[in-house]
Amino acid sequence: MARAVRSGTRVDTVLLVACCVMGLLATVLPVNLREAIAGGLRRTVVAPLVSLQQQAERGRSAFLSREATTSRLDSVSLRNMQLARLETENNRLRALLGLARQLEWGFVSAEALRSFPIGEDHQRMLTVGSNAGVEAKTPVIAPEGLVGMVLSVDPTQSIAILWTHRDFAASAMSADRSAYGIVYPHLSDSRTGEDIPPERYLLELRGVAFRTALKPGTQIVTSGLGGVYPAGIPIGTVLGELQTSEGWARTYLIRPAVRPPDVSNVIVLLPKRIEGQSLERIWRSAASADSAARKIAAAGDSIARRAAADSLRAAEAIAARRVADSLARAGATAQPGGTPAQPPARPGAAEAPPAPRRADSARTVRPDTAGRGRRP
Amino acid sequence: MNWTRTARAILAFVVLVLLHYTLRPLLGWRTPVDFLVIAVLLSAVRVRPGAAALIGFCTGLIADSLTPSAFGAGALAMTGIGAAASWLKAVFFADNVVLHGFFFFVGKWAFDIVYVMTERRMQGVELATQLLLWSPLSAAITAVAGIILLLMLRPVLEPQAA
C-alpha cells in the first residue's frame, strides 16, 4: 500500500517535472519551430475553438455596430427618398420639355415658387414677369393640364393663382364638345353627393345643360370661350354629379388633372399664343390627361435621346480630331532631319495610320509577356 | 473509478472550454473571465497531481497556440496551478463557497503572475499595473464567475470523496 502510494507520488512528480520542462522548452523554442507547433494545433485541435471564437467576436462586433448600422440604414433610406423625389422632378421636367416642343412658340417657362407657405397655398410666385412678355390673366399650364392664371405681373416675376383659388374660373367643355359649363374650385361640401367625399382639392363644373349627362371619367378641357384660356387644355375628369337645388342645370365634381403639390415648373402662355389659337392638338385624341402627359414625356425622352446622340457625335468628332493632331505631332517628331512631316491624318481613328514606334519601346515590354505573341 | 462521475467532469470541462471561446469574446471585458483556469482548477481537485499537471499543460498549450509570441507561458502556468491545486485540494474539501472563490482567485492570479513573468513582454510600471491591478481584478471576476458556475454545475460536479 505504502509502495503504491510512493509509486503514485513518483509518477506524479515525474509528470509534473516533465510538463514543467516541456513548458520551459516551449518558451525557448526557435520562432519557426514554435510557430510550426502552434500552427499545427490551430489547424487541428484548436480549429473548432478558433471558429467559435471568431463567430463570437463577429457577433459582438455586430452587436456593437448595430447603432452605426441603423444610422447608416437611415441615411440610405433618406437618400433613397431624395432620389425618388429627384426622379419625379426629372420626369416632370422632361414632360415640360415635351410640352414646350409641342407648343413650339408663344410661351415662357418658369419656376413656380411657394410664396405663401403657411395657410395660403393657392398662389405661386413665378420667376418670369413682364420683361419676358407675361401679362395678367394669361394661363399657366403644366404637362398634365391647366394650373391657373397669372394674377399680377412685375418686371421679373409674377404671381399666379392656382385652380384651387376661390377666384379661379374657367370656361370648360367635355372633350367631345357635348357639354359646356364653367369650372370653379370645389370650396363647399354642402352640396356633395353621398358617393363623393368632400375634398378641398376638387373642381366643380357648373352650368351644364340639364339635358346633357356626363359619365364619370369624361375628360373636361377648356372651351376657349371668354378669351382667357385657349381651347383644349385639360382640366380634369368627371367624378360624378353633385346634387344641387338648381333645376335647370347640372353640376359635376371634377378630379383635376394637375395636383397643386406637383406644381413646381410651369409654362406661361403669352398673349399672342392665346389669341384665336387652340391647343387641342397638343392633348388631342388622348383618352385622359395622364396618357397625354405620358405622350408629352415620351416627346421629352426623344428630345433627350437626340441631345445625347448629338453630344455623343460631338465627343467622337473631338476625339478623332485629337487623335489626328497627336498623330501629326508624332510624325513630325519621328522625322527630325528636315524631312517633311506626314500630312495630318483624316479624322477617324480607324483610318489613322499606326503611330511610329519608339526605338526604346521594346524595353517597356514585360519579359513574361514579350514571348507570348511569338507562340503559334 | 466511477465512470459516470468522470464523464460528468469531462463534460463540465468541455463546457467551460467552450465558454472560454464563446462567452469570453462575446463579453469583451477589459478584465475577462478566465474559464480555462476554472476548468483546470475544477478538474485538478478531482485527479492526482501528475494528471492535473498534464491537464494543465495540455490546456495551456491549446491556449498558447493562439498566442505564438508567448508560446509555452500558458502551458507552464497552467501546469503549475493544476499541480498545486491538486496537491492542495485537501484544503478545499469543505464545500464552502467563499473558500472556492478564494481558490479561483488565487489560482487565476498565480496563473497571471507565472504567465506574465514567463512571457517577459512587460516591464516596469506596465508589469506592476498588470500584476497588481488588472490581474487581481480579472482574478476576482474569474472567482465570481467560478462560484456561479460551481453552483450551476453542482449537480454534475460532486466533490470527490476523501
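Figured I'd write up the structure that's included with this text. Residue positions within a chain follow its written sequence, with the count starting from 1. Lettering of chains starts at A and numbering of ligands starts at 1, both following the order in which they are written. At least 70 in pLDDT is required for a residue's local features to be given in this predicted model, at least 80 for side-chain atom pairs to be given and counted, and no such filter applies to totals for whole chains, interfaces and linings, which use all residues. As a convention, hydrogens and water are excluded, and side-chain values are obtained from all of the structure's heavy atoms.

### Digging into the overall build of chain A
Alright, step 1. Per the convention used, a helix needs a DSSP run of H or I reaching at least four residues, while a strand needs a run of E reaching at least two, with both numbered from the N terminus. Helix and strand counts for chain A stand at eight helices and 12 strands.
Alright, step 2. Of all 376 residues assigned to chain A, the portion counted as buried reaches 35%.
Alright, step 3. Within chain A, contacts between residues at least 6 apart in sequence are counted, and of these 61% link residues at least 24 apart. Think of it in three bands: residues with accessible area under 20% of the maximum for their type are buried, residues over 50% are exposed, and the middle band is partly exposed, with areas taken using a 1.4 Å probe on protein chains only. Any two residues having at least one pair of non-hydrogen atoms within 4.5 Å are treated as being in contact.

### Digging into the overall build of chain B
Alright, step 1. A tally of regular secondary structure across chain B gives six helices and zero strands.
Alright, step 2. In chain B, the succession of helices and strands from N to C terminus is α-α-α-α-α-α.
Alright, step 3. Taken across its 162 residues, chain B has 48% of its residues classed as buried.
Alright, step 4. Pairs at least 24 residues apart make up 68% of the contacts formed inside chain B by residues separated by at least 6 positions.

### Digging into the pairing of strand 10 (residues 234–242) of chain A
All names here are of chain A.
Alright, step 1. Here, a strand pair is defined by DSSP locating no fewer than two bridges between the strands. With three bridges connecting them, strand 9 (residues 219–222) and strand 10 associate as antiparallel partners. Paired with Ile 220 across the bridge in strand 10 is Gly 236.
Alright, step 2. Relative to strand 11 (residues 249–256), strand 10 is paired through six bridges, and the arrangement is antiparallel. Bridge assignment links Val 238 to a residue of strand 11, and that residue is Ile 254.

### Focus: the nonpolar core
Alright, step 1. In these notes, a set of buried Ala, Val, Leu, Ile, Met, Phe, Trp, Tyr and Cys residues joined through side-chain atoms within 4.5 Å is what counts as a nonpolar core. Counting residues in each nonpolar core, the largest one holds 48 residues, and the members touching the most others are Leu 126, Ile 141, Phe 168, Leu 205 and Ile 220 of chain A.
Alright, step 2. Those residues in contact with Leu 205 of chain A, other than ones at most four positions away along the chain, are Ala 172, Gly 181, Ile 182, Val 183, Leu 214, Ile 220, Arg 250, Thr 251, Tyr 252 and Ile 254 of chain A.
Alright, step 3. The next biggest cluster of nonpolar side chains, apart from the first, holds 47 residues, and it includes Val 33, Ala 52, Tyr 115 and Leu 150 of chain B.

### Remarks on a nonpolar patch on the surface
Alright, step 1. Note that patches include only residues with greater than 30% relative accessible area and no salt bridge, and the join distances are 9 Å for like charges and 5 Å for nonpolar side chains (Val, Leu, Ile, Met, Phe, Trp, Tyr). Surface accessibility follows the Shrake-Rupley procedure with a 1.4 Å probe radius. Residue values consider only the protein chains on display as shielding. Salt bridge criterion: a side-chain nitrogen from Lys or Arg within 4 Å of a carboxyl oxygen from Asp or Glu. Among the surface-exposed residues, Val 17, Val 21, Leu 25 and Val 28 of chain A lie close enough to one another that they form a single nonpolar patch of about 350 Å² accessible area.
Alright, step 2. Summarising the element assignment, Val 17 of chain A is placed in helix 1 (residues 2–27).

### Let's talk about the layout of surface pockets
Alright, step 1. A cavity, in this analysis, means grid points on a 1 Å lattice covering only the protein atoms where a 1.4 Å probe fits yet has no way out; a pocket is instead an open set bounded by protein on both sides within 12 Å along at least five of seven lines, and a residue lines either one if it has an atom within 4 Å of a point. Grid points are joined across faces, edges and corners, and a volume is the space filled by probe spheres set on the points. Estimates place the volume of the largest pocket at around 780 Å³.
Alright, step 2. Around the largest pocket, the lining is made up of 32 residues, and of these Arg 24, Pro 32, Asp 34, Lys 108 and Tyr 115 of chain B lie nearest the centre.
Alright, step 3. Elements represented by at least two residues in the lining of the largest pocket include exactly helix 3 (47–64) of chain A together with helix 1 (3–27), helix 3 (49–64), helix 4 (73–87), helix 5 (97–119) and helix 6 (124–152) of chain B.
Alright, step 4. Among the elements that take part in the lining of the largest pocket, helix 5 of chain B stands out by supplying six residues, more than any other.
Alright, step 5. Of the residues that constitute the lining of the largest pocket, the class distribution is 14 nonpolar, nine polar and nine charged. When residue character is reported, Ala, Val, Leu, Ile, Met, Phe, Trp, Tyr, Cys and Pro are called nonpolar, Asp, Glu, Lys and Arg charged, and the others, Gly included, polar.

### A short note on empty space enclosed by the protein
If a probe as big as a water molecule is rolled over the atoms, it shows which places are left empty.
Residues and elements named next belong to chain B.
Alright, step 1. Counted according to the given criterion, the structure contains two cavities of 30 Å³ or more.
Alright, step 2. When its volume is computed, the largest cavity comes out at roughly 40 Å³.
Alright, step 3. Mapped onto the lining of the largest cavity, the elements with two or more residues apiece are helix 1 and helix 2 (35–44).
Alright, step 4. The biggest single contributor to the lining of the largest cavity is helix 1, with four residues.
Alright, step 5. Across the lining of the largest cavity, the residue classes break down as seven nonpolar, one polar and one charged.

### Some words on the sheet that holds strand 2 (residues 123–126) of chain A
All names here are of chain A.
Alright, step 1. Overall, antiparallel pairing links the six strands, which are arranged 1-2-5-4-3-12 in a closed barrel. Averaged over all pairs of adjacent strands, the angle between strand axes in this sheet comes to 40°, irrespective of strand direction.
Alright, step 2. The strands that helix 4 (residues 66–103) touches are strand 1 (107–113), strand 3 (139–142) and strand 12 (265–269); relative to strand 12, the one it contacts most, it runs at about 15°. Working convention: axes come from line fits to C-alpha atoms, limited for helices to the stretch in contact. Angles between N-to-C directions cover 0 to 180 degrees.

### Looking at the side chain of Ser 135 of chain B
Alright, step 1. Within the secondary structure, Ser 135 of chain B sits in helix 6.
Alright, step 2. Definition of a polar contact: a pair of N or O atoms within 3.5 Å, with one able to donate and the other able to accept a hydrogen when the atoms are protein atoms, and with sequence-neighbouring residues admitted only if both atoms are side-chain atoms. At a separation of 3.0 Å, a polar atom in the side chain of Ser 135 of chain B contacts the side chain of Asp 112 of chain B.

### Re helix 1 of chain B
Since the α-helix packs 3.6 residues into each turn, any two residues three or four apart lie on the same face.
Alright, step 1. Across its 25 residues, helix 1 of chain B extends 35 Å between first and last C-alpha, which sits within 8% of the 36 Å expected from 1.5 Å per residue.
Alright, step 2. Taking the largest bend as the criterion, helix 1 of chain B deviates by roughly 35°, centred on Leu 19 of chain B.
Alright, step 3. Along helix 1 of chain B, the positions that sit buried rather than exposed are Ala 12, Phe 13, Leu 16, Val 17, His 20, Tyr 21 and Pro 25 of chain B.
Alright, step 4. Packing partners of the buried residues in helix 1 of chain B comprise helix 3 of chain A together with helix 2, helix 3 and helix 6 of chain B.
Alright, step 5. Positive phi appears at Gly 28 of chain B, one or two residues downstream of helix 1 of chain B, with a value of about 65°. Expected span, for any helix, means 1.5 Å times one less than how many residues it has. Axes are fitted to the seven residues ending at a residue and to the seven starting at it; the angle between these axes is taken as the bend at that residue.

### What about the pairing of strand 3 of chain A?
All names here are of chain A.
Alright, step 1. Burial along strand 3 is two-sided: the face carrying Pro 139 and Ile 141 and the face carrying Val 140 and Ala 142 are both buried.
Alright, step 2. Following strand 3, the chain reverses through two residues before pairing antiparallel with strand 4 (residues 145–153).
Alright, step 3. In this sheet, strand 12 lies alongside strand 3 in antiparallel orientation, the contact comprising two bridges. The partner of Val 140 across the bridge, within strand 12, is Val 268.

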